[in-house]
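Overview (structure and organization)
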Amino acid sequence: MTDSLSERALILTPQGRDSFVATRILQEAGLIAEICHDLTDLMEKVAVGAAVAVLTDDTIQSADIKDLAHWVSSQPTWSDFPFVLLTEQGGGLERNPAADRQMEVLGNVAFLERPFHPTTFISVIKSAIRARKRQYEARSRLEELHESEGHARRAEIELRALNETLEARVVERTREIDAANRQLLSQIEERERVEATLQQMQRLEAVGQLTSGVAHDFNNLLTVVLGNVEFIEKKDQGTLSEPTLKQRLSHMRLAAERGAKLTSQLLAFSRRQHLDPKPVDLNDALAQMSELLQSSLGGSVQIKTMFRSALWRALVDPSQIELVVLNLAINARDASPIGSTITLETGNATLGPPEKPEEPAAGDYVMVAVSDNGSGMTKEVLAKAFEPFFTTKEIGKGSGLGLSQALGFAKQSGGGIRIESRVGEGTSVRVYLPRTAEMGFENTAADSSGAIRRPLKGSIILLVDDDHAVREITASKLREYGYVVLEVGSGGAALDFLGEESNIDLVLLDFAMPGMNGMEVARQVHSRFPTIPVLFITGYVDQAVLADIGEARIIKKPFVGDELATKVHAALLKTSPRSGGKVLPLRR
């Protein structure tokens with residue numbers, strides 16, 4: 001790229017009017033021309049920029065041209081600055097010995113004899129300018145080439161630096177990829193664990209819903225079976241003296257009781273059984289179980305205890321925790337060789353967030369553990385340990401509900417379970433129960449010793465149950481106890497009957513009835529007849545509803561021992577409408 005200075009012609013002809021004439025001729029031809037005063041001025045302007053210099057030979061001959069010769073010889077490779085030397089006529093090389101030296105000094109020089117024709121002069125100057133422009137183009141290409149070479153050199157340096165750090169960057173990137181892969185695998189494993197946990201919870205929930213759906217009807221059936229077996233046993237002792245018949249009745253009773261126990265275990269597993277939690281000292285509770293445990297486990301194993309002092313009290317149903325410990329101890333015995341040791345342990349525990357669904361939430365708990373040194377469990381068995389009906393025992397040796405029941409009880413109580421097991425080393429089942437700061441107390445609400453108190457004279461009980469067979473068995477047992485029993489089959493019929501009769505001492509309601517259930521009937525009874533006490537009989541009911549009733553007012557089906565007689569007697573003894581007593585209202 002050029003500018004006006006780079007394309008100008010410099011004129012140095014100090015003698016006469018040659019400078020003005022040459023300048024005018026070039027300007028009239030459209031060229032840029034400037035007059036120089038001396039050789040020094042010429043060199044300064046050439047350094048700034050010019051396309052050609054016009055000199056007279058006498059200027060070269062009379063001046064010191066050493067600096068000019070040095071400048072010409074030190075031009076860059078692309079530059080060959082043109083000079084036009086005006087000579088006298090006949091001053092050619094053959095007759096001008098100085099011309100040779102002038103060509104050597106100036107290099108790119110053209111001789112033009114004076115006087116010259118303007119056209120010739122303009123032609124020579126234009127040729128020199130075109131040659132100079134080509135030099136400028138060569139300069140631009142060289143600069144571009146040098147710039148490209150610079151880029152190439154910088155790229156080469158950068159590439160060399162990249163190559164030198166390539167191995168380190170590959171190692172670093174490999175580490176990043178490995179870390180990402182590990183994180184991805186961890187996320188996949190976590191998702192699979194969550195999905196497996198969800199599937200297990202869905203299966204357990206399905207079994208729980210199935211259990212709650214059939215428990216009421218199943219317990220009704222067992223109530224009828226056990227009640228009739230009891231009546232047959234009491235009816236004719238002479239007939240029952242026949243060993244075979246007596247044995248068959250005994251088998252019937254045992255089968256029905258096993259069925260009731262199985263239903264209770266299923267309800268415990270599904271967390272739908274009714275619990276009566278109290279502050280309990282687990283050290284005392286387990287100590288009192290020692291004889292029961294030893295007789296149940298037999299002499300094939302030894303029982304070792306490790307009870308912590310200053311143990312927190314647990315808020316738990318006393319009878320249920322005893323049943324859980326007994327089941328876990330039996331499982332431990334079955335998994336242990338003869339002569340092994342089963343360890344019962346208690347302790348205080350403060351736990352963090354749970355890692356598995358069966359574990360309790362973070363908080364303070366009272367721990368009871370049953371440990372053995374038996375066969376242990378594989379990971380596959382441990383993953384299914386809490387599934388209902390899953391067992392590694394032989395057919396007929398176990399129902400597969402021991403751990404399921406324990407888990408259901410622990411979760412319903414507000415705690416959880418952890419299992420530690422190693423194949424060939426043994427298993428430890430740790431049950432965590434919520435702690436309480438309250439002191440324990442004895443249950444004096446009812447006398448459970450089994451002694452039937454004499455019924456209050458003239459007590460009349462209204463029995464409400466939609467199942468005729470269950471109603472008949474319940475009424476028969478109450479009449480045996482000496483009560484007067486009136487029977488109806490629905491809640492509406494009970495309310496109508498109460499509206500007509502004013503001498504009812506107690507209403508005994510089946511909780512689950514079609515149409516109007518026991519709770520709805522009880523509320524209307526309390527609203528219309530506030531002095532009449534109400535008790536409930538049930539094979540199964542929603543725990544949220546039972547929590548508002550109280551254990552003393554609930555009688556479970558099938559009837560166990562003297563619970564029916566004891567709780568009916570306690571209710572009649574506590575408040576008698578005939579004596580003007582008051583009845584505690586139902587909480588809404």
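Just so it is clear, the structure is predicted and the values come from calculations on it, not from any experiment.

Some words on helix H10 (residues 318-334)
- Across its 17 residues, H10 extends 25 Å between first and last C-alpha, which sits within 8% of the 24 Å expected from 1.5 Å per residue.
- Residues of H10 that are buried include every one of Gln320, Ile321, Val324, Val325, Leu326, Asn327, Leu328, Ala329 and Ala332, and no others.

Quick notes on the environment of aspartate 372
- The topology assignment puts aspartate 372 in the loop between strand S10 (363-371) and helix H11 (379-383).
- Through-space distance from the C-alpha of aspartate 372 to that of glycine 426 is 5.3 Å; in sequence the pair is 54 residues apart.
- Contacts of aspartate 372, omitting those with residues within four sequence positions, involve Ala332, Ser336, Thr341, Glu425, Gly426 and Thr427.
- A polar side-chain atom of aspartate 372 sits 2.8 Å from the main-chain amide nitrogen of glycine 374.

Some details on the sheet that holds strand S17 (residues 554-556)
- Strand order in the open sheet formed by five strands is S14-S13-S15-S16-S17, and the pairing between neighbours is parallel. Where the open sheet ends on each side, the last strands, each with one partner, are strand S14 (484-488) and S17. In this sheet, neighbouring strand axes are inclined to one another by 25° on average, regardless of whether the strands run parallel or antiparallel.
- With five bridges connecting them, strand S13 (residues 460-464) and S14 associate as parallel partners. Paired with leucine 462 across the two strands is leucine 486, which belongs to S14.
- Relative to S13, helix H14 (residues 491-500) is tilted by about 155°, and along the sheet it contacts S13, S14 and strand S15 (506-510).

A closer look at the packing of aromatic side chains
- Applying the stated criterion across every chain, the model contains six aromatic pairs.
- With 6.1 Å between their ring centres and 50° between their planes, tryptophan 78 and tyrosine 136 make a pair best called tilted. Linking tryptophan 78 in the loop between helix H4 (66-73) and strand S4 (83-87) with tyrosine 136 in helix H6 (residues 118-235), this pair joins segments that are 58 residues apart in sequence.
- Residue classification places tyrosine 136 among the buried residues on the basis of a relative accessible area of 4%.
- With 6.4 Å between their ring centres and 75° between their planes, tyrosine 365 and tyrosine 432 make a pair best called edge-to-face. Pair noted here: tyrosine 365 is in strand S10 and tyrosine 432 is in strand S12 (residues 426-436), with a separation of 67 residues, a long-range link.
- For tyrosine 365, a relative accessible area of 6% translates into the label buried.
- Members of the aromatic cluster, joined through ring pairs, are Trp71, Phe81 and Phe83.
- Seen from the ring of tryptophan 78, arginine 139 lies directly overhead, with NZ or CZ sitting 5.0 Å from the centre.
- In this arrangement the basic side chain of arginine 435 is found over the ring face of tryptophan 312, its NZ or CZ atom lying 3.8 Å from the centre.

Thoughts on the pairing of strand S1 (residues 9-12)
- By the alternation rule, side chains of S1 split into Ala9 and Ile11 and Leu10 and Leu12, which are all buried.
- Pairing of S1 with strand S2 (residues 33-35) involves three bridges; the strand directions are parallel. Counted as the bridge partner of isoleucine 11 is isoleucine 35 from S2.
- Strand direction decides the pairing type here: S1 and strand S3 (residues 52-56), joined by four bridges, are parallel. From the neighbouring strand, alanine 9 faces S3, where its bridge partner is valine 52.

Points about the packing of helix H2 (residues 39-48) against H4
- The N-to-C vectors of H2 and H4 enclose an angle of 20°; their axes lie 10 Å apart at closest approach. In terms of orientation, H2 and H4 fall into the roughly parallel class. Crossing angle aside, the handedness with which H2 passes H4 is left-handed. Contacts between H2 and H4 involve Leu39, Met43 and Val46 on the former and, on the latter, Asp67, Leu68 and Trp71.
- Considering only residue class, the contact of H2 with H4 consists of five nonpolar, no polar and one charged.

Here's the deal with the confidence of the model for the chain
- Summarising the model, the chain shows a mean pLDDT of 79, and 76% of its residues fall at 70 or more.
- This stretch, residues 440-453, has a pLDDT under 50; its non-local contacts, to residues over four places away or in other chains, come to 15 contacts.
- Under a pLDDT of 50 for its full length, residues 577-588 has, in the predicted model, 32 contacts with residues more than four places off or in other chains.

Regarding the sheet that holds S1
- In space, the five strands of this open sheet follow the order S2-S1-S3-S4-S5, with parallel pairing throughout. At either margin of the open sheet sits one strand with a lone partner, and together these are S2 and strand S5 (109-113). Taken over all neighbouring pairs, the strand axes of this sheet differ in orientation by 20° on average, direction set aside.
- Contacting S1, S2 and S3, H2 crosses the sheet at an angle of about 175° to S1.

Considerations on H14
- Among the residues making up H14, those that are buried are Gly491, Ala494, Leu495 and Leu498. Seen from one end, H14 has its buried residues packed into an arc of 95°, which puts them on one side. Projecting away from the buried face of H14 at angles above 90 degrees are the exposed residues Asp496, Gly499 and Glu500.
- Its buried side turned inward, H14 meets S13, S14, S15 and helix H15 (518-528).

Quick word on the environment of glutamine 412
- Mapped onto the fold, glutamine 412 is located in helix H12 (residues 402-413).
- For glutamine 412, a relative accessible area of 22% puts it in the partly exposed group.
- Taking C-alpha positions, glutamine 412 is 9.8 Å from valine 316, a pair spaced 96 residues apart along the chain.

Conventions adopted
One numbering rule holds for all chains: residues counted from 1, following each sequence as written. At least 70 in pLDDT is required for a residue's local features to be given in this predicted model, at least 80 for side-chain atom pairs to be given and counted, and no such filter applies to totals for whole chains, interfaces and linings, which use all residues. Hydrogens are left out, water is left out, and the side-chain values use all remaining heavy atoms of the structure. A helix here means a DSSP run of H or I that spans at least four residues, while a strand means a run of E at least two residues long, and both kinds are numbered starting from the N terminus. How far a helix is expected to stretch is found by multiplying one less than its residue total by 1.5 Å. Working definition: with a 1.4 Å probe on protein chains only, accessible area under 20% of the residue-type maximum means buried, over 50% means exposed, and in between means partly exposed. Only heavy atoms matter for contacts: two residues are in contact if any of them lie within 4.5 Å across the pair. In protein, a polar contact requires one atom able to donate a hydrogen and another able to accept it; more generally it is a pair of N or O atoms within 3.5 Å, and residues adjacent in sequence count only if both atoms are side-chain atoms. Strand pairing is assigned whenever DSSP identifies at least 2 bridges connecting the two strands. In this analysis an axis means a line fitted to C-alpha atoms, helices contributing only their contacting stretch, and an angle means the value between N-to-C directions, from 0 to 180 degrees. Only rings of Phe, Tyr and Trp enter the pairing, Trp through its six-membered ring, and a pair is recorded when the two centres are within 6.5 Å. The plane angle decides the type: under 30 degrees is stacked, over 60 is edge-to-face, the rest tilted. Lysine NZ or arginine CZ positioned within 6 Å of the ring centre and within 35 degrees of the ring normal marks a charge as sitting over the ring. Any angle between 65 and 115 degrees counts as roughly perpendicular, while under 35 counts as roughly parallel, over 145 as roughly antiparallel, and the rest as oblique. Put simply, a crossing is left-handed when the front helix is turned counterclockwise from the back one by less than a right angle, and right-handed when it is turned clockwise. Classes in brief: Ala, Val, Leu, Ile, Met, Phe, Trp, Tyr, Cys and Pro nonpolar; Asp, Glu, Lys and Arg charged; the others, Gly included, polar. Residue-level confidence of the predictor is what pLDDT reports, using numbers from 0 through 100. Here, the arc refers to the directions that run from the helix axis to the C-beta atoms.

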